[in-house]
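# Analysis of the macromolecular model
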Amino acid sequence: MDFLTIIQILDSTVRLATPLLLACLAGLFSERSGVFDIGLEGKMLAAAFLSAAVAAVTGNAWLGLCAGIFASVLMALLHGLASITFRGDQLISGVAINFLAAGLTVVIGQSWFALGGRTPSLIGGGRFPDITLPFADALAEVPVIGQIYSELISGHSILVYVAMAAVPLTWWVLYRTRFGLRLRAVGENPGAVDTAGISVVRLRYTAVIICGVLCGIAGSYLSTGLAAGFVKDMTAGRGFIALAALIFAKWRPWQALGACLLFGLLEAIGNRYQNIDILGATLPVQFMQALPYMLTVVILPGFVGKAIPPRAGGEAYVKER
Amino acid sequence: MKKMPKWADVLLIPAINLSLAFLISGLVIWAIGKDPWVAIKTMVQGSFGDSRGLGYTLYYTTNFIFTGLAVAVASHARLFNIGGEGQATVGGLGVALVCLAVPWPHWTLALPAAILGGALFGAAWAAIPAYLQAKRGSHIVITTIMFNFIAAALLGYLLVNVLKEPGNMAAETRSFPPGAHLPTFHEMLAPFGIDFNKNAPANISFLVALLCLIGFYVLIWKTRLGYAIRAFGQSESAAVYAGISPVKITIIAMLISGGLAGLMAINNVMGEAERLILNSVEGAGFIGIAVALMGRNHPVGVFLAALLFGFLYQGGAELALWESIPRELIVVIQGLVILLTGALDNMVRAPLEKLFLSFGKGEA
Amino acid sequence: MGRQETAAPAIELRGISKAFGPVQANKDISIKVAKGTIHGIIGENGAGKSTLMSILYGFYKADSGEILINGIPTAIPDSQAAISAGIGMVFQHFKLVENFTVLENIVLGAEDGSLLKPSLAKARKLLKQLSEEYELRVDPDARIENLSVGHQQRVEILKALYRKADILILDEPTGVLTPDEADHLFRILKGLKDEGKTIILITHKLREIMEVTDTVSVMRRGEMTATVKTSETSPEDLAERMVGRKVLLRVDKKPANPGRNVLEIKNLRVVDDKGVERVKGIDLTVRAGEIVGIAGVAGNGQSELLEVLGGYAKATGSVKLNGVELDLTGKHSDGKSRREKGIAHVPEDRHSEGLILDFQAWENVAFGYQDDPRYNRNAILMDNAAILKDTQEKMERFDVRPPNPRLAAKSFSGGNQQKIVLAREIERNPDLLLVGQPTRGVDIGAIEFIHQQIVALRDQGKAILLVSVELEEILGLADRIAVMFDGHIMGERLPHQTNEKELGLLMAGVNEGAA
């Protein structure tokens, strides 16, 4: 395996980790506020569809992004309505949202484009182009550093850079701002927040909406950055992998980046080598597909230590009597 | 102290929830430019209009009874088993292995063996998440979701690389021996002079499902194990006080749950396809969630909800065929039912409770 | 400074009513609290005290009525409005974020600007001032979960002062404190009063009312039955007003006649999930025909002791029942084995342990005894009819009201719930009965009955281990008293040879005899 191959795999890792990372940070905001969200998958899917649909019709990826965010936030608000306002079961609400997205994207897609649930392929301005950073071409010939810069760091769509920037931003918001303090507090003890004169409901809705926005970007990236159009069920479990990454990271932003890069790497390797030979045994492609899930299940309780979610997570806030 | 009467809780609220779900579904159909009224007529006609439609409806119903009970039994222990899909997939593997292992002379021998195979494999697939929840505190929702994906990958691998018949292009096993053929409704009803459609897949598994409903009732409300499961589900700390082991109950409840999901395979794998194919579960595991929610984890409710979804499934197929509305419409309806009967339950319940309270005051 | 006599009271409530569903928690309540005084509100559990104060703090909305602050009608729709009106509240269950520092908790909701740093710096300075001024010292960088309850309470008070509260409400503040800590708290409250602050103290303890308040209101069943000057009333008078009839505060019982050793505990140690040692090597013996009372402030190892004996916490050391060693770690250290050996257990928290609130009464009567052959037809099926019949009889014997076995446990009052638990456990004819907080949240009428049942069981020659945080109950009921502090037994006393003061010192970890 030569250096360029490694760079290419890492390059593809970054691309594949981007939607995971955005969704993972989305989940971080929601779950830190005490609202569990297994509907990341559905929100991404809805965003992927609507952004591709709008981008296909208008030929403008940015309009597509806005539409994607809109779709995802709408779903997020539904989750908020169910789990915050009506104090329903957050897990059940998440499941419902995944089904709604899986069904509606195809039903509406078929009705609009009659392509069996797909959107037309995106061309030109309908996709987010790759950005070449300054001097990338000039430095391409410089060994190692130049290659890393021009192949790995340069040449991604704008949304990849957005995702990477979202990590320190999330950290800063969480630990350095008033909003972050309140967000962390409401996920631990909403009673403390309520009696301090802050609205629990408004705080949680804010978190859920932020979650919607980030999932919207994630979904839009899938269909207008990574791929060129929407196909049925194109999230393919990424929302759940993001959730696994969130647990791995124990709900912390930098660790989320690490976990998402790891899962992205696994996917990149799996994509590049269909069957991998190790010590004479062949690892089938299905093994690579299942690896992130197996890692989550096996490693989580064993090696990373117990991941303790925000204490008030999963439960609607009811003033105690 | 007037509270909401029981009939309102058991009947009225689900009825309102369901009507809302259908109303919104109707709006969706209308929004994609179709006539909801025609759609409903097509669905009812196609699923209850003749014995072919009915046979399909009851075939789907059978699947959903199994997966619905699987979710329900776990729910009584306050465990959210979202892994019915994977457990049914692996249950299918168990049934297929049993059916292929022996040249069965007659279905009366094959069926009990297949029941055992399906239930064991399904239970085994639930055992690891159960263990991790009970001993390691890994959340069962997360692990069962992960196990759904792992099951799909596992089955894909086995069908492509191990179980496929040489020379066959499709990823599927060879057909089961004729002795493993389960009697269909056509064959069962013919002796009574009833001419049930020959091609409808409803089979004797439906009766097994009905037995499971009764067994479920007895288990949950009449046995010591059921008592322990419910007690644990209501309050873990109280269960510990009473000497009920949380680890034991978590594992047993999940084994029963996985077993029920795995049992589904006698219907779809043994009764219908008569071979193991990829993605034979077709989302039935997830529909079990909606069925259990709507059925309030009670066998009567589960039966009615399974019947409803059987109708939706079969009706949805007819819609796709005649009205070119994608089958995914059913997924939308399923999502709406879960949302309204599960997560948004309070939206209907709270105002209704207030209403009954004010009635109560009026009487007093 | 000094006290300015203004005509308008600091707080005036007019005709406050509040219902939770079918339950009327407050009925047409009106009071006035003068500025710069300490006003007590006393009443039984469930009398509606906390609800009333939560309305004043904007935590609940009243159905009707009016609130006047310093004579000005003030709408208090939420806690924010209450804080702006100068009201601070220390809830019975503290409203602190456990994994935050003291400083973060104090700043939460009272930040200046959207960045944290300046807020925290400012709070640190002010906190230093406040804590010196009012003797409320606490480390600003300590995490709440590492603080003692006494210190956590200080943080709550500091929170209110940081928000410039002029009116301070404290809900049952001494429930978790030693008598010594409580005295310290009262000194602080008096200091605050001298500063001109108005304080409302909610409690069900008569002693505290007599000690610190200027005026007192009595609540009963959601209604305010009287408001009097503390100097013009007596504990007996207040108790009568609380309950509505003359009550016997003492338990009638004959002297104990103890026999053989039933329970022998040697060097028992319990380490909890977090690795903290909660019981640090105790020795204790309970004999047949006696009640041994464990006194102590909540959280000093009593609960863990009960859990070990009840079979659901692991421990090291030796526990013998009737001379036979009990399994403390292995397969037989569960509730089932303990019951089979003749230990019955009325747990401290009947809501989370003793009962399943959504189960019907008859299902709760079988609870813990679900394996009893009388309750089962065979190895698999239970005999529901037999359980129902047994429940019906138990309900009659223990005067449970309403005597309806099919009613869900949550529909019974606290006293009747406790009677169901007691009937279930006592009628097992155990050798040893463990009783935790038998009268917590129980109305006074039922308290008498419950005490009589416990004494009756003693008179049958059974051994009884009683854990209670109510000193009065321990003094009245126990034949021998052991005081627990920080996982140790500080000493044993006989009830007629000791008093509240001595026990209080032991509860605070001060052993004068040993010193």
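Cut-offs used in this document
Along each chain, residue indices are assigned from 1 in the same order as the chain's sequence is written. By the order in which they are written, chains take letters starting at A while ligands take numbers starting at 1. At least 70 in pLDDT is required for a residue's local features to be given in this predicted model, at least 80 for side-chain atom pairs to be given and counted, and no such filter applies to totals for whole chains, interfaces and linings, which use all residues. Side-chain numbers here rest on the full set of heavy atoms in the structure, without hydrogens or water. Here a strand is any run of E in DSSP of at least two residues, a helix any run of H or I of at least four, and the numbering for each starts at the N terminus. What the globule rule says is 2.2 Å times the number of residues to the power 0.38, and the radius of gyration is computed from C-alpha atoms. Burial classes follow relative accessibility: with a 1.4 Å probe on protein chains only, a residue under 20% of its type's maximum area counts as buried, one over 50% as exposed, and anything between as partly exposed. In this description, contact between two residues means that some pair of their heavy atoms is separated by no more than 4.5 Å. Here the open area of atoms and residues is found with the Shrake-Rupley method and a 1.4 Å probe, where only the protein chains shown may cover a residue. In this tally Asp and Glu are treated as negative and Lys and Arg as positive; neither His nor the chain ends contributes. Charged side chains are reduced to one point each, which is NZ for Lys, CZ for Arg, CG for Asp and CD for Glu. Two strands pair under a simple rule: DSSP has to find at least two bridges between them. Axis definition: a line fitted to C-alpha atoms, over the contacting stretch in the case of helices. Angles run 0 to 180 degrees between N-to-C directions. Each salt bridge in this description consists of a side-chain nitrogen of Lys or Arg and a carboxyl oxygen of Asp or Glu lying within 4 Å of one another. Small angles under 35 degrees read as roughly parallel and large ones over 145 as roughly antiparallel, with 65 to 115 read as roughly perpendicular and the rest as oblique. Whether a crossing is left-handed or right-handed is set by the direction in which the near helix is turned from the far one by less than a right angle, anticlockwise for left-handed and clockwise for right-handed. Only Asp, Glu, Lys and Arg are considered charged, only Ala, Val, Leu, Ile, Met, Phe, Trp, Tyr, Cys and Pro nonpolar, and every remaining residue, Gly among them, polar. Ring pairs shown here join Phe, Tyr and Trp side chains whose ring centres sit within 6.5 Å, with only the six-membered ring taken for Trp; geometry is labelled stacked below 30 degrees between planes, edge-to-face above 60, and tilted in between. Charges are assigned to positions over rings by a cutoff of 6 Å between ring centre and Lys NZ or Arg CZ, combined with an angular limit of 35 degrees from the ring normal. Patch membership is restricted to residues that have no salt bridge and whose relative accessible area is over 30%. Joining uses 9 Å for like charges and 5 Å for the nonpolar side chains Val, Leu, Ile, Met, Phe, Trp and Tyr. UniProt positions are given in the numbering used here, feature names are shortened, and annotations may be inferred rather than shown by experiment. Buried area is calculated as the accessible area (1.4 Å probe) missing from two parts once they are joined, with the contributions of both summed. The definition of a polar contact used here is a pair of N or O atoms within 3.5 Å, where within protein one atom must be able to donate a hydrogen and the other to accept one, and adjacent residues in sequence count solely through side-chain atom pairs.

When helices and strands are tallied, chain B shows 16 helices and zero strands. On C-alpha atoms alone, chain B measures out to a radius of gyration of 21 Å, which is about the 21 Å that the 2.2 N^0.38 rule sets for 364 residues. Taken along its principal axes, the extent of the C-alpha atoms in chain B is 75 × 55 × 40 Å. Counting the 364 residues in chain B, one finds 57% classified as buried. Across chain B, the fraction of contacts at a sequence separation of at least 24, relative to all contacts at a separation of at least 6, is 77%. Of the roughly 14,500 Å² of accessible surface on chain B, a fraction of 67% belongs to carbon and sulfur atoms. Positive and negative charge centroids in chain B, built from 22 and 18 side chains respectively, lie 13 Å apart.

Scanning chain A from N- to C-terminus turns up 13 helices and four strands. On C-alpha atoms alone, chain A measures out to a radius of gyration of 20 Å, which is about the 20 Å that the 2.2 N^0.38 rule sets for 321 residues. For chain A, the spread of C-alpha atoms along the three principal axes comes to 70 × 50 × 40 Å. Put simply, chain A has 321 residues, and 59% of those count as buried. Pairs at least 24 apart in sequence give 78% of the contacts found in chain A among residues at least 6 apart. Carbon together with sulfur atoms contributes 66% to the accessible area of chain A, which is approximately 12,300 Å² in total. Each charge sign in chain A was given a centre, from 21 positive and 17 negative side chains, and these centres are 12 Å apart.

A word on the environment of C:Gly293. Residue and element names in this part refer to chain C. Relative to the helices and strands, Gly-293 resides in strand β13 (residues 291–295). Exposure remark for Gly-293: the relative accessible area of 0% places this residue in the buried category. With 185 residues separating them along the chain, Gly-293 and Ala-478 place their C-alpha atoms 5.0 Å apart.

Looking now at the sheet that holds β13(C). Adjacent strands of a sheet form backbone hydrogen bonds with each other and so pair up, either parallel or antiparallel. Residue and element names in this part refer to chain C. Strand order in this open sheet of six strands is β16-β17-β18-β13-β19-β20, and the pairing throughout is mixed. The strands lining the two open edges of the sheet, one partner per strand, are β16 (343–346) and β20 (488–493). This sheet shows a mean twist of 20° between the axes of neighbouring strands, independent of strand direction. Here strand β19 (residues 480–485) pairs with β20 via five bridges, running antiparallel. The partner of Ile-481 across the bridge, within β20, is Arg-493. Packed on one face of the sheet, helix α17 (residues 500–507) meets β19 and β20 and runs near 35° to β19.

To continue, consider the pattern of salt bridges. Enumeration over the complete set of coordinates arrives at 48 salt bridges over all chains. Ionic contacts of the salt-bridge type, sharing partners, join the residues A:Glu188, A:Arg311, C:Glu98 and C:Glu145 into one network.

Residues and elements named next belong to chain C. Structurally, Arg-154 is set in helix α5 (residues 149–162). For Arg-154, which is buried and forms no salt bridge, the nearest opposite charge comes from Glu-181, at a distance of 6.5 Å. Among residues more than four places away in sequence, those in contact with Arg-154 are Leu-136, Arg-137 and His-184.

All names here are of chain B. Where helix α4 (residues 84–101) meets helix α11 (residues 246–263), the closest approach of the two axes is 7 Å, and the angle between their N-to-C directions is 60°. Taken together, α4 and α11 sit at an angle that is classed as oblique. Judged by the twist between their axes, the crossing of α4 over α11 is right-handed. On the side of α4, the interface is formed by Gly-84, Gln-87, Ala-88 and Gly-91, while α11 contributes Met-254, Ser-257, Gly-258, Ala-261 and Gly-262. A breakdown of the residues in the contact of α4 with α11 according to their chemical character gives three nonpolar, six polar and no charged.

What follows concerns the packing of aromatic side chains. Under the definition given, this model contains 28 aromatic pairs over all chains. Look at C:Tyr57 and C:Phe91: their rings are 5.8 Å apart centre to centre, the planes differ by 75°, and that puts the pair in the edge-to-face class. Remark: C:Phe91 occurs in the loop between β6 (87–90) and α3 (102–107) and C:Tyr57 occurs in the loop between α1 (49–56) and β4 (64–69); sequence separation between them is 34 residues. A relative accessible area of 4% means that C:Tyr57 is categorised as buried. Joined through ring pairs, the aromatic side chains of B:Tyr56, B:Tyr59, B:Tyr60, B:Phe64 and B:Tyr313 make up one cluster. Over the ring of B:Tyr313 we find B:Arg327, and its NZ or CZ is 5.1 Å from the ring centre.

Right, let's get into a nonpolar patch on the surface. A surface patch of nonpolar side chains, amounting to about 510 Å² of accessible area, comprises A:Leu169, A:Trp171, A:Trp172, A:Trp254 and C:Leu115. Per-element tally for the nonpolar patch: the top contributor is helix α7 (residues 158–176) of chain A, with three residues. Within the secondary structure, A:Leu169 is located in helix α7.

As a further point, take the UniProt feature "transmembrane region" (unreviewed entry) in chain A. Residues and elements named next belong to chain A. According to UniProt, the feature "transmembrane region" (unreviewed entry) maps to residues 12–29, 49–79, 91–113, 158–175, 207–231, 251–269 and 290–308 in the numbering used here. The span residues 207–231 is 80% helix and 0% strand, and its two end C-alpha atoms sit 29 Å from each other. When the span residues 251–269 is considered, its composition is 89% helix and 0% strand, and the gap between its end C-alpha atoms is 26 Å.

With that settled, consider the interface of chain A and chain C. Tallying the contact residues gives 24 residues for chain A and 28 residues for chain C. Buried surface at the junction of chain A and chain C, summed over both partners, amounts to about 2,300 Å²; 57% is from carbon and sulfur atoms. In this structure, C:Glu145 and A:Arg311 form a salt bridge, with 3.6 Å as the shortest nitrogen-oxygen distance. Here chain A and chain C share seven residue pairs in polar contact (both at pLDDT 80 or more) between them. For the side of chain A that touches chain C, the secondary-structure elements that each account for two or more residues are α7, α8 (178–188) and α9 (190–195) of chain A. Here the side of chain A that touches chain C gets six residues from one element, more than from any other, and that element is α8(A). Classifying every residue of the side of chain A that touches chain C gives nine nonpolar, five polar and 10 charged.

Taken together, the contact between chain B and chain A spans 40 residues of the former and 38 residues of the latter. Summing the contributions of chain B and of chain A, the shared interface buries around 3,300 Å²; its carbon and sulfur component is 85%. Considering only the side of chain B, the residues that lose the most area to chain A are B:Met146, B:Phe149 and B:Glu328, jointly responsible for 16% of the buried surface there. Along the contact surface separating chain B from chain A lie one salt bridge.

As a further point, take helix α12 (residues 265–273) of chain B. Residues and elements named next belong to chain B. Summarising burial for α12: eight of the nine residues are buried, a large majority. Considered for burial, the residues of α12 that qualify are Ala-265, Ile-266, Asn-267, Asn-268, Val-269, Met-270, Gly-271 and Ala-273. Those residues of α12 that are buried lie in contact with α3 (51–76), α4, α5 (107–136), α8 (205–222) and α11. Of the residues trailing α12, Glu-274 is marked for its positive phi of about 60°.

This part takes up the packing of α4(B) against helix α6 (residues 140–162) of chain B. Helix packing geometry: the angle between the two helix axes and the distance between the axes. Residue and element names in this part refer to chain B. Put simply, α4 and α6 touch, their axes get as near as 7 Å, and they point 30° apart. Regarding the angle of α4 to α6, the classification is roughly parallel. Crossing handedness for the pair α4 and α6: left-handed. Contact residues: Gly-84, Glu-85, Gly-86, Gln-87, Thr-89, Val-90 and Leu-93 in α4; Thr-144, Asn-148, Ala-151, Leu-155 and Leu-158 in α6.

Sheet faces and side chains relate simply in a regular strand, where the side chains alternate between the two faces. All names here are of chain C. Among the six residues that make up strand β3 (residues 38–43), six are buried, leaving the element largely enclosed by the rest of the structure. In terms of strand pairing, β3 meets strand β9 (residues 215–220) through five bridges, oriented parallel. Paired with Ile-42 across the strands is Val-218, a residue of β9.

Cis geometry marks the peptide bond from C:Arg401 to C:Pro402; its omega dihedral reads -10°. Locating C:Pro402 in the fold gives a position in the loop between α13 (384–397) and α14 (414–426). Phi angles above zero are rare outside glycine, and A:Asp233 is one such case at about 55°. In this structure, B:Glu282 is a non-glycine residue whose phi angle is positive, near 50°. Following the sequence through the fold, B:Glu282 ends up in the loop between α12 and α13 (284–294). By relative accessible area, which is 39% here, B:Glu282 ends up partly exposed.

Residue and element names in this part refer to chain C. Counting buried positions over the five residues of β13 gives five, a clear majority of the element. Going residue by residue along β13, you find Ile-291, Gly-293 and Ala-295 tucked away on one face and Val-292 and Ile-294 tucked away on the opposite face as well. Note: β13 against strand β18 (residues 463–467), four bridges, orientation parallel. What sits directly across from Gly-293, in β18, is Leu-466.

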